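Close look at the chain arrangement
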Amino acid sequence: MKKLFALIFISIAVTFAVFPKGVDMDMVSVPGAKVTGGPSNGFWAFEGVFSARRKLKVASFQLGRFPVTKEQYRAVMEGNPLGVSADPSFSSNDPLYPLCDGELDGKRPVEGVTWYDALYFCNLLSQNKGYKPVYRIDSPKVEGGHITEAVVSVIPKSDGYRLPTEVEWEFAARGGKPGSPAWNYMYAGLDSMARYGAEAPELDAGQDSVAWYRYNTCGGGVTVDGAYFMEGTAGWGSHQVGLKKPNTLGLYDMSGNVWEWCQDRYAVIDETTPIEGASFGDLRCCRGGAWYCAASCSIVSRRGGDIVDRQSPYIGFRVARSKKSLFF
């Protein structure tokens, strides 16, 4: 009976804890559209979620202009009922991830968060702003300051913050206007023409203007072959958000810096896959590439996935919100 009471109490605390207001999230309105999938874009021909013959109607929504930063995460998570760490980032707790000159540590994207941590943050942020939380998080298991297991369900008719679906993420990364030139750009905000070619397919100095990736993270944002292998050097890690150019919607760091958790399960998709993603699979989607990864990871149509309890120095997230959601 005591164990049952404890679980019920934790579940209620996850959903209804009250926190001080005042955390600002800069959100960009993304207009919806009907999308008919077509050929893959980019040098490496990743098909993405808008695969050939897949027809989707994307509803309008809001998406964070930047990935969630360390200072935003800390402000929301400080003193939370579950004891989830308010500062989980590797760049805060390991000297091998030093800050670059001129960058502010609090403005770096939070990383080291599990998929469950990101959902929990969304719930607490929703409460902070007076919105109805999207997720019900039952029987959470907290280890080392992270939620590593939980039973997650969606609360109907919620208007709070959440993770974007994979369709929403790629739709926004492409600029939100099917048929426009930007829709087929290789990276978010840039169609690079500076590829090194087949002899070095993972380097692309062309993305220096829009993305932090493996070959420019320790080079001041400029691609240098071999510069990535420099642990303990300034730049080995995530970078302050918003230092690179945005895409056509005004979204920053959609390519590079940190991979971003999405709502969906990671699985093979085809024309029959519903807009909210597959209903099977143990992994959850990550999109966008990261400071540790090669050029091809930053391509807007490049899909990725990871285990839900992963704590990685190159996985963070950004939040989404919509009054009339795709599937809630």
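Keep in mind the model is a prediction, meaning the values are calculated, not measured.

What counts, and at which threshold
- Residues numbered from 1 in each chain as written.
- Predicted model: local features only at pLDDT ≥ 70, side-chain atom pairs only at ≥ 80, totals over all residues.
- Heavy atoms only, no water.
- Buried < 20%, exposed > 50% of the residue type's maximum accessible area, 1.4 Å probe, protein only.
- Helix = DSSP H or I, 4+ residues; strand = E, 2+ residues; numbered from the N terminus.
- Core = buried A, V, L, I, M, F, W, Y, C linked by side-chain atoms within 4.5 Å.
- Pairing = 2+ DSSP bridges.
- Salt bridge = Lys/Arg side-chain N within 4 Å of Asp/Glu carboxyl O.
- Axes fitted to C-alpha atoms, helices over the stretch in contact; angles between N-to-C directions.
- Parallel < 35°, antiparallel > 145°, perpendicular 65-115°, else oblique.
- Left-handed = near helix turned anticlockwise from the far one by under 90°.
- Contact = heavy atoms within 4.5 Å.
- Nonpolar A, V, L, I, M, F, W, Y, C, P; charged D, E, K, R; others polar.
- Disulfide = S-S within 2.5 Å.
- 1 Å grid on protein atoms, 1.4 Å probe; cavity = no way out; pocket = protein on both sides within 12 Å on 5 of 7 lines; lining within 4 Å.
- Points joined across faces, edges and corners; volume = space filled by probe spheres on them.

The subject of this paragraph is helix H5 (residues 166–173). Taking burial as the measure, the eight residues of H5 include eight buried ones, the bulk of the element. Among the residues of H5, those classed as buried are Glu 166, Val 167, Glu 168, Trp 169, Glu 170, Phe 171, Ala 172 and Ala 173. Once H5 ends, the next one or two residues include Gly 175, with phi positive near 105°.

On to the nonpolar core, then. Counting residues in hydrophobic clusters, the biggest one holds 38 residues, and the most contacted among them are Tyr 73, Phe 121, Leu 163, Trp 261, Phe 317 and Val 319. Secondary-structure elements contributing two or more residues to this core are helix H2 (70–77), helix H4 (115–129), strand E5 (135–143), strand E6 (146–154) and strand E7 (259–265). Examining the composition of this core, we find that nine residues originate from one element, H4, more than from any other. Phe 171, Leu 251, Met 254 and Ile 269 belong to the second-largest nonpolar core, a separate cluster that totals 25 residues.

Read across the open sheet, the four strands follow the order E9-E8-E7-E10; overall the sheet is mixed. Looking at strand neighbours, the two that pair on one side only are strand E9 (303–307) and strand E10 (315–316), the edges of this open sheet. With two bridges joining them, E7 and E10 adopt parallel strand pairing. Directly across from Trp 259, in E10, lies its bridge partner Ile 315.

Turning next to the pattern of salt bridges. Inspection of every chain in the model, using the stated rule, returns 16 salt bridges. Arg 136 serves as the salt-bridge partner of Asp 138, at 2.9 Å between the closest nitrogen and oxygen. Accessibility expressed as a relative area gives 18% for Asp 138, which makes it buried. Here Arg 136 falls in the partly exposed class, since its relative accessible area comes to 37%. Between Glu 170 and Arg 287 there is a salt bridge whose closest N-O contact spans 2.8 Å. Here the residue Glu 170 occupies a position in helix H5, and Arg 287 occupies one in strand E8 (residues 283–287), the gap between them amounting to 117 residues. As far as the burial class goes, Glu 170 and Arg 287 line up, both buried. Salt bridges sharing common partners tie together Glu 166, Glu 170, Arg 174, Arg 287 and Arg 303.

The subject of this paragraph is the packing of H2 against H4. Two elements in contact, H2 and H4, have axes whose closest approach is 9 Å; the angle formed by their N-to-C orientations is 65°. With respect to each other, H2 and H4 are oriented roughly perpendicular. Note on packing geometry: the crossing formed by H2 with H4 is left-handed. Contact residues: Gln 72, Tyr 73, Val 76 and Met 77 in H2; Asp 117, Tyr 120, Phe 121, Leu 124 and Leu 125 in H4. Across the contact of H2 with H4, the residue classes break down as seven nonpolar, one polar and one charged.

This part takes up unusual backbone geometry. For Ser 139, which is not glycine, the phi torsion reads 50° and is therefore positive. Here Ser 139 shows up in strand E5. The partly exposed category is assigned to Ser 139, whose relative accessible area is 37%. The phi dihedral of Asp 253 is positive, around 60°, even though this residue is not glycine. If you trace the backbone, Asp 253 turns up in the loop between H5 and E7.

With that out of the way, let us pick up the state of the cysteines. The full count for this structure, using the stated rule, is zero disulfides. Here Cys 262 stays free of any disulfide, with the sulfur of Cys 285 as its closest cysteine sulfur at 6.1 Å. For Cys 262, a relative accessible area of 0% corresponds to the buried category.

Turning to the sheet that holds strand E4 (residues 61–64), a few remarks are in order. What the three strands build is an open sheet, ordered E1-E4-E11; its pairing is antiparallel. One side of each edge strand has no neighbouring strand; the edge strands of this open sheet are strand E1 (27–30) and strand E11 (320–321). Alignment of E1 against E4, held across four bridges, turns out to be antiparallel. Within the sheet, the bridge partner assigned to Val 28 lies in E4 and is Leu 63. Those strands touched by H5 are E1 and E4, and its axis lies near 75° from that of E4.

In this section: the pairing of E5. Relative to E6, E5 runs antiparallel, the two sharing seven bridges. The residue bridging Glu 143 from the neighbouring strand is His 146, located in E6.

Here we come to the layout of surface pockets. Gaps left between atoms are located by rolling a probe of water-molecule size over the structure's atoms. The space that makes up the largest pocket amounts to roughly 350 Å³. Along the wall of the largest pocket there are 18 residues; nearest its centre are Trp 115, Val 152, Gln 263, Arg 265 and Arg 284. Looking at the lining of the largest pocket, the elements with two or more residues in it are H4, E6 and E7. If one sorts the elements of the lining of the largest pocket by residue count, E6 sits on top with five residues. Classifying every residue of the lining of the largest pocket by side-chain character gives nine nonpolar, four polar and five charged.

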